[in-house]
Amino acid sequence: VQLQASGGGLVQAGASLRLLCGVSGRTSSVNIMGWFRQAPGKERDIVGAITRTGATIYYTDSQRDRFAISRDNAHNTVYLQMNNLKPEDTGIYYCAAREIGRSEPWNDENSYGYWGQGTLVTVSS
């Protein structure tokens, strides 16, 4: 499974961005897709995740109101819509894939076996 994240950039506070994650390879083995963020000087944290069909979407409490995750399985793409961006949203955003059959909690970073290269989001004040 290969992942390619894109859509990052430099924006001002209050702007919106939509990140994309293209998924290729053995996509049939993928269940949950997650988005993670690594802020400068900090550890990588999960932003949210979406199940294979999109029926269930998870968010951390801090992202729930401004971020939205969706997926288009016909085009093997997962999206992270980010609205009303704040300087503290700055970081490298990664998409990651978790295989079918894993039973760990959705926010367990170690359960995601495939990672994209990350896309940088910079929010200026």
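All values derive from a computational prediction rather than experimental measurement.

A. Quick peek at unusual backbone geometry. Phi is positive for asparagine 76, close to 50 degrees, though the residue is something other than glycine. Note that asparagine 76 resides in the loop between strand E7 (67–72) and strand E8 (77–82). Given the relative accessible area of 32%, asparagine 76 is considered partly exposed. Residues other than glycine seldom take positive phi values, yet asparagine 84 does so here, at roughly 50 degrees.

B. Quick look at the sheet that holds E7. With antiparallel pairing, the four strands of this open sheet are ordered in space as E1-E3-E8-E7. The sheet is open, and its two edges are formed by strand E1 (2–6) and E7, each paired on a single side. On average, each strand axis in the sheet is tilted by 15 degrees relative to the strand beside it, whichever way the strands run. As paired elements, E7 and E8 share six bridges and run antiparallel to each other.

C. Seen up close, the packing of aromatic side chains. Counted according to the given criterion, the structure contains four aromatic pairs. Between phenylalanine 36 and tryptophan 115, the ring centres sit 4.7 Å apart and the planes meet at 50 degrees, which makes this aromatic pair tilted. Of the two residues, phenylalanine 36 sits in strand E4 (residues 30–38) while tryptophan 115 sits in strand E10 (residues 114–115), which places them 79 residues apart along the sequence. We classify phenylalanine 36 as buried; its relative accessible area is 0%. Ring geometry for tyrosine 94 and tryptophan 115: centres 6.4 Å apart, planes at 75 degrees, overall edge-to-face. Remark: tryptophan 115 occurs in strand E10 and tyrosine 94 occurs in strand E9 (residues 91–99); sequence separation between them is 21 residues. Exposure remark for tryptophan 115: the relative accessible area of 28% places this residue in the partly exposed category.

D. Structural detail: the state of the cysteines. Within this structure, the stated rule accounts for one disulfide. A disulfide bridge connects cysteine 21 with cysteine 95, and the sulfur atoms are separated by 2.1 Å. The chirality of the disulfide connecting cysteine 21 with cysteine 95 is right-handed, given an S-S dihedral of about 70 degrees. On the criterion of sequence distance, the pair formed by cysteine 21 in strand E3 (residues 17–24) and cysteine 95 in strand E9 is long-range, its members being 74 residues apart. Residue cysteine 21 is classed as buried on the basis of its relative accessible area of 0%. Judged by relative accessible area, which is 1%, cysteine 95 ranks as buried.

Conventions adopted
Residues numbered from 1 in each chain as written. Predicted model: local features only at pLDDT ≥ 70, side-chain atom pairs only at ≥ 80, totals over all residues. Heavy atoms only, no water. Helix = DSSP H or I, 4+ residues; strand = E, 2+ residues; numbered from the N terminus. Buried < 20%, exposed > 50% of the residue type's maximum accessible area, 1.4 Å probe, protein only. Pairing = 2+ DSSP bridges. Axes fitted to C-alpha atoms, helices over the stretch in contact; angles between N-to-C directions. Phe/Tyr/Trp six-rings, centres within 6.5 Å; stacked < 30°, edge-to-face > 60°. Disulfide = S-S within 2.5 Å.

Note that all results are geometric; they support no functional claim without further evidence.
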